[in-house]
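Working through the structure, step by step
Residues per chain are reported as follows:
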Amino acid sequence: MSETPVSSPKAEPAPVQPGFWPSDLSEAAVMSASRDYAQVQIAANGDIYWVEFRPEEGGRCCLCRTKASAQGVIESLTPDNFSVQSRVHEYGGLSWGHLGDALVFVNAADQQLYLQDLQAGSQPRQLTHQSQSRFIEPLWDNYRQQIIAVEERHCESGVLNRLVAISRCGEIEVLAEGADFYASPALSPDGRSLAYISWYHPHQPWNATHLNLLRFEDCGRVLCDIVLAGDDREEALSQPRFDTNGLLHVMTDREGWWNLYRWQSGTLVPVLTDCADMISAPWQSGLSHYGFSDAGVVSITHQHETGLLCLDGRPLDAEYTCFRSLAVHDDFAVAVVAAPDRLPGIARIDLMQGGFQLICGGEQPLANQDCSKPQALSFGAGDQRCYGYLYAPANKVIQPQPHELFPLVIFLHGGPTAASYPILNMKLQYWTQRGFAVLDLNYRGSSNYGRAYRQQLHQRWGQLETEDISQALSVLIADHRIDPKAVFIRGNSSGGYTALNALCALDCFAAGASLYGVTDPLLLNQGTHKFESRYLHWLIGHPEQDAARYERFAPLNKVAQISAPVIFFQGEQDRVVLADQTRAMVSALQQRGVPVEAHYFADEAHGFRRAENMIEVLQKELAFYQCQIRPSAVGRRC
């Protein structure tokens, strides 16, 4: 009698160590999803224009349009040998304007203004020939047939910023000068008044600014230029606008939040107020977060859990969580929109009937099981409270083991007065796909949490963020959300500085990464550009009177406290954080025997723009971290 063979049970696949999960989300796929949109404007005839950032074209910025008469058809207007990008303040901003019968834009290569006919494929004509000057925020003055813009002139005596008028022949006339900085020119409907923002060292535009009003005579000459608000108190005024009735509005944080006010009877009166910021810190010029429509005031509100688009203060029903670059026309609005599962896109919003119509972008590149969604968290309490978004590992082909702990990567934004948002970031998803958790931290000093939160960083830069990182890690470790032996920290620009300071102060990191991060704030103070040349006075103190504080918070002076491996990425053309800063830090760590890698890019400045370089950064940073979490590696504890 034969026996029936007993089949052997199928072997379960061996578990894959977090940090090494296989993923179809390649570095190239991440970069292909890095296209972004900004500088939205609507022409008088309803045509919609915007600027696209295209990393696959070497970081080129291209003006695009969809006509009201041909919705769904998108035209690229900028010829291949041009890029629409201003470098005023080094961070740029609004780089083009609509003239009615033509376009004017700033060309990235020479920073000059160019005129271009409206038809696609037309060749631009150079308007200005000021090799020492850069321009930004070009605004068409139809009454005097001139372009109003901010000029930043670089000469032997220094950098001069001023408000100018430019004729169609390229002749320049000064409208306002004397302040250290100018931004946000806005014309009244009758053309007789020009509102703008100005400020002086050592302030930044998110600390203390002035609201100015310039009046023209009938002949076009400047009649007077007066300060309306901001001269007797520290408040940050921003984004002046005239409504269709000629009433001047402005955002101010005088009551603790950036809310909307109107200039009326010689004073500012509240129009829309909330315990939430309605604009973000103006690192770039020409940001737009509100406007006037037939239906009412359209505005953006930033909240920790989600962003809102509002009509007369009432939130519109939307599946998006972040809105920026808002333009309003008659009964509709257009904005850059984003969400936790969608890439940024341009959407048209019907303000009368409701509804969002995507014009471009807004793709959903990840399956639901592959997309890690942000969990809004807060850490600490009272004045010590900070905020962040935790992203758990997500990969549809991997089933995590019970009670498995995951390596953590802490993301630190730049600025430091910038912010992170709960939206789809493919660079972040690159890590969660591979089994890392990610904490995107809005440490104290970040935007979108009110003036008091932003101002906490005053003379505490390098200390406050480290405290926030420490308390966030304590909570995550105590809650068994992460592997305490595999914590990594990374940051770009000022975020790199914070990462390096945290590596000095906290003995709990397996490794860290600095992307063009500050290593010596005193050197930064001596060599940086005008926009930030006094910023460190506010962040740290006077470089001579508070020299000890500069020394105490310079990572370069504390290399003896760093034992975790560090990887550096630096652009050779960087004029904000000079490459020599990074070289000095790398050399000091090497002399101490700390494992260190450094990668320099000859064709990058402050903030990497070329796809091939960003791909290399992802590859090398991942490999660097993986070397620290192999089973044989010895972890360190907080």
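Here, the structure is the one placed above.
Residues numbered from 1 in each chain as written. Predicted model: local features only at pLDDT ≥ 70, side-chain atom pairs only at ≥ 80, totals over all residues. Heavy atoms only, no water.

**Focus on the overall build of the protein**
Helix and strand content of the protein: 10 helices and 36 strands. Taken over the C-alpha trace, the protein has a radius of gyration of 26 Å; the compact-globule value for 638 residues is 26 Å, and the two agree within 12%. Referenced to the eigenvectors of the C-alpha coordinate spread, the extents of the protein come out at roughly 110 × 70 × 50 Å. Evaluated residue by residue, the protein yields a buried proportion of 58% over its 638 residues. The long-range share in the protein, meaning contacts at least 24 apart out of those at least 6 apart in sequence, stands at 56%. Total accessible area on the protein stands at roughly 25500 Å², and carbon and sulfur atoms take up 47% of it. Between the centroid of the 50 positive side chains of the protein and the centroid of its 71 negative side chains there is a distance of 2 Å. (Helix = DSSP H or I, 4+ residues; strand = E, 2+ residues; numbered from the N terminus. Rg over C-alpha atoms; globule rule 2.2 N^0.38 Å. Buried < 20%, exposed > 50% of the residue type's maximum accessible area, 1.4 Å probe, protein only. Contact = heavy atoms within 4.5 Å. Areas by Shrake-Rupley, 256 points an atom, 1.4 Å probe, with all protein chains shown as cover. Lys, Arg positive; Asp, Glu negative; His and termini not counted. Charge placed at Lys NZ, Arg CZ, Asp CG, Glu CD.)

**A look at the pattern of salt bridges**
This model, assessed by the stated rule, comprises 30 salt bridges. The closest approach of N and O atoms between arginine 144 and aspartate 141, which form a salt bridge, is 2.6 Å. Where glutamate 151 meets arginine 162, a salt bridge forms, and the shortest distance between an N and an O atom there is 2.6 Å. Remark: arginine 162 occurs in strand E11 (residues 158–167) and glutamate 151 occurs in strand E10 (residues 146–155); sequence separation between them is 11 residues. Arginine 162 shares its class with glutamate 151; the two are buried. Linked by salt bridges that have partners in common, Arg35, Glu52, Arg54, Glu56, Glu57, Arg60 and Asp80 make up one network. (Salt bridge = Lys/Arg side-chain N within 4 Å of Asp/Glu carboxyl O.)

**Thoughts on the nonpolar core**
Counting 79 residues, the largest nonpolar core has Leu408, Trp431, Ile469 and Phe509 as its most contacted members. The element contributing the most residues to this core is helix H10 (residues 611–626), with 8 residues. Discounting chain neighbours no more than four positions away, the residues touching isoleucine 469 are Ile410, Leu412, Leu441, Ile489, Thr498, Ala502, Leu506 and Phe509. Core analysis: the second largest hydrophobic core is formed by 45 residues, Phe181, Ile197, Leu260 and Phe553 among them. (Core = buried A, V, L, I, M, F, W, Y, C linked by side-chain atoms within 4.5 Å.)

**Looking at the sheet that holds strand E16 (residues 222–229)**
Strand order in the open sheet formed by 4 strands is E13-E14-E15-E16, and the pairing between neighbours is antiparallel. With partners counted over all chains shown, the strands left at the sheet margins are strand E13 (181–187) and E16, one partner each. Sheet twist, expressed as the mean angle between neighbouring strand axes with direction ignored, is 25°. Looking at chain direction, E13 and strand E14 (residues 193–199) are connected through 5 bridges and run antiparallel. (Pairing = 2+ DSSP bridges. Axes fitted to C-alpha atoms, helices over the stretch in contact; angles between N-to-C directions.)

**Some thoughts on the side chain of threonine 417**
Among the secondary structure elements, threonine 417 is positioned in the loop between strand E31 (408–412) and helix H2 (426–432). Since its relative accessible area comes to 0%, threonine 417 is described here as buried. A distance of 2.8 Å separates polar atoms of two side chains, one belonging to threonine 417 and the other to tyrosine 535. If near-sequence neighbours (up to four positions away) are discounted, threonine 417 is found in contact with Trp206, Ala281, Trp283, Gly445, Ser447, Arg454 and Tyr535. (Polar contact = N/O pair within 3.5 Å; in protein donor to acceptor, adjacent residues only side chain to side chain.)

**Comments concerning the environment of phenylalanine 411**
With respect to the helices, strands and loops of the structure, phenylalanine 411 is situated in strand E31. Classification of phenylalanine 411 as buried rests on a relative accessible area of 9%. Spatially, the C-alpha atom of phenylalanine 411 lies 29 Å from that of asparagine 259, the residues being 152 residues apart in sequence. Those residues in contact with phenylalanine 411, other than ones at most four positions away along the chain, are Lys427, Leu428, Trp431, Val438, Leu439, Asp440, Leu441 and Arg490.

**Side note on helix H9 (residues 579–591)**
In this model, H9 (13 residues) spans 19 Å end to end at C-alpha, consistent with the 18 Å of a helix rising 1.5 Å per residue. Within the span of H9, buried status applies to Ala579, Gln581, Thr582, Met585, Val586, Ala588 and Leu589. Next to the buried residues of H9 lie helix H5 (494–505), helix H6 (521–527), strand E35 (566–571) and strand E36 (596–601). (Expected span 1.5 Å × (residues − 1).)

**Remarks on helix H4 (residues 464–478)**
With 15 residues, H4 ought to run about 21 Å at 1.5 Å a step, and its terminal C-alpha atoms sit 21 Å apart, in line with that. Those residues of H4 not exposed but buried are Leu464, Glu465, Thr466, Asp468, Ile469, Ala472, Leu473 and Leu476. As for H4, its buried residues are in contact with strand E29 (375–379), strand E30 (386–391), E31, strand E32 (437–442), strand E33 (487–492) and H5. Positive phi shows up at histidine 480, right after H4, with a value of about 55°.

**Some remarks on the packing of H4 against H5**
Remark: H4 packs on H5, axes separated minimally by 9 Å, with the N-to-C direction vectors making an angle of 65°. In this view, H4 runs roughly perpendicular relative to H5, as classed from their interaxial angle. Where H4 crosses over H5, the two elements pack in a sense that is right-handed. Packed against H4, whose contacting residues are Glu465, Thr466 and Ile469, the element H5 presents Tyr497, Thr498, Asn501, Ala502 and Ala505 at the interface. Class assignment for the residues of the contact of H4 with H5 results in 4 nonpolar, 3 polar and 1 charged. (Parallel < 35°, antiparallel > 145°, perpendicular 65-115°, else oblique. Left-handed = near helix turned anticlockwise from the far one by under 90°. Nonpolar A, V, L, I, M, F, W, Y, C, P; charged D, E, K, R; others polar.)

**Some details on the sheet that holds strand E21 (residues 290–292)**
Taken together, 4 strands build an open sheet; the order of strands is E21-E22-E23-E24 and the sheet is antiparallel. The open sheet has two edge strands, E21 and strand E24 (314–315), and neither has a second partner. As paired elements, strand E22 (residues 297–302) and strand E23 (residues 307–311) share 5 bridges and run antiparallel to each other. Bridge assignment links histidine 302 to a residue of E23, and that residue is glycine 307.

**A word on the pairing of E36**
On a regular strand, one side chain projects to one face of the sheet and the next to the other, so that they alternate. Bridge analysis of E35 against E36 gives 6 bridges, and the strand direction is parallel. Along E36, the bridge assignment pairs glutamine 570 with tyrosine 600. Chirality of the crossover, the property in question, places the unit of E35, H9 and E36 among those that are right-handed. (Right-handed = clockwise from strand over helix to strand, strands pointing away.)

**Topic: the packing of aromatic side chains**
What characterises a pair of aromatic rings is the spacing of the ring centres plus the angle enclosed by the ring planes. Scanning the entire structure with this criterion turns up 31 aromatic pairs. Relative to tyrosine 196, the ring of tyrosine 182 has its centre 5.7 Å away and its plane inclined at 45°; by these criteria the two rings are tilted. Placement of the pair is tyrosine 182 in strand E13 and tyrosine 196 in strand E14, with a sequence separation of 14 residues. Residue tyrosine 182 is classed as buried on the basis of its relative accessible area, which comes to 2%. Classification of tyrosine 196 as buried rests on a relative accessible area of 2%. Ring centres of phenylalanine 323 and phenylalanine 356 lie 6.3 Å apart, and the angle between their planes is 45°; this geometry places the pair in the tilted category. With phenylalanine 323 in strand E25 (residues 322–329) and phenylalanine 356 in strand E28 (residues 356–361), this residue pair connects regions lying 33 residues apart in the sequence. In this structure, arginine 241 packs its charged tip against the face of tyrosine 290, placed 5.3 Å from the ring centre. (Phe/Tyr/Trp six-rings, centres within 6.5 Å; stacked < 30°, edge-to-face > 60°. Lys NZ or Arg CZ within 6 Å of the ring centre and 35° of its normal.)

**Remarks on the state of the cysteines**
For the structure on display, the rule yields 0 disulfides. Considering cysteine sulfurs only, cysteine 64 is the nearest to cysteine 360, which forms no disulfide, with 7.2 Å between them. (Disulfide = S-S within 2.5 Å.)

**Considering the side chain of lysine 530**
Looking at the secondary structure, you find lysine 530 in the loop between H6 and helix H7 (535–539). Buried and unpaired, lysine 530 has aspartate 180 as its nearest opposite-charge partner, separated by 4.7 Å. From its side chain, lysine 530 meets the backbone oxygen of valine 159 in a polar contact 3.0 Å long. Side-chain polar atoms of lysine 530 contact the backbone oxygen of aspartate 180, separated by 3.0 Å. Setting aside residues up to four positions removed in sequence, lysine 530 forms contacts with Val159, Leu160, Asn161, Asp180, Phe181 and His201.

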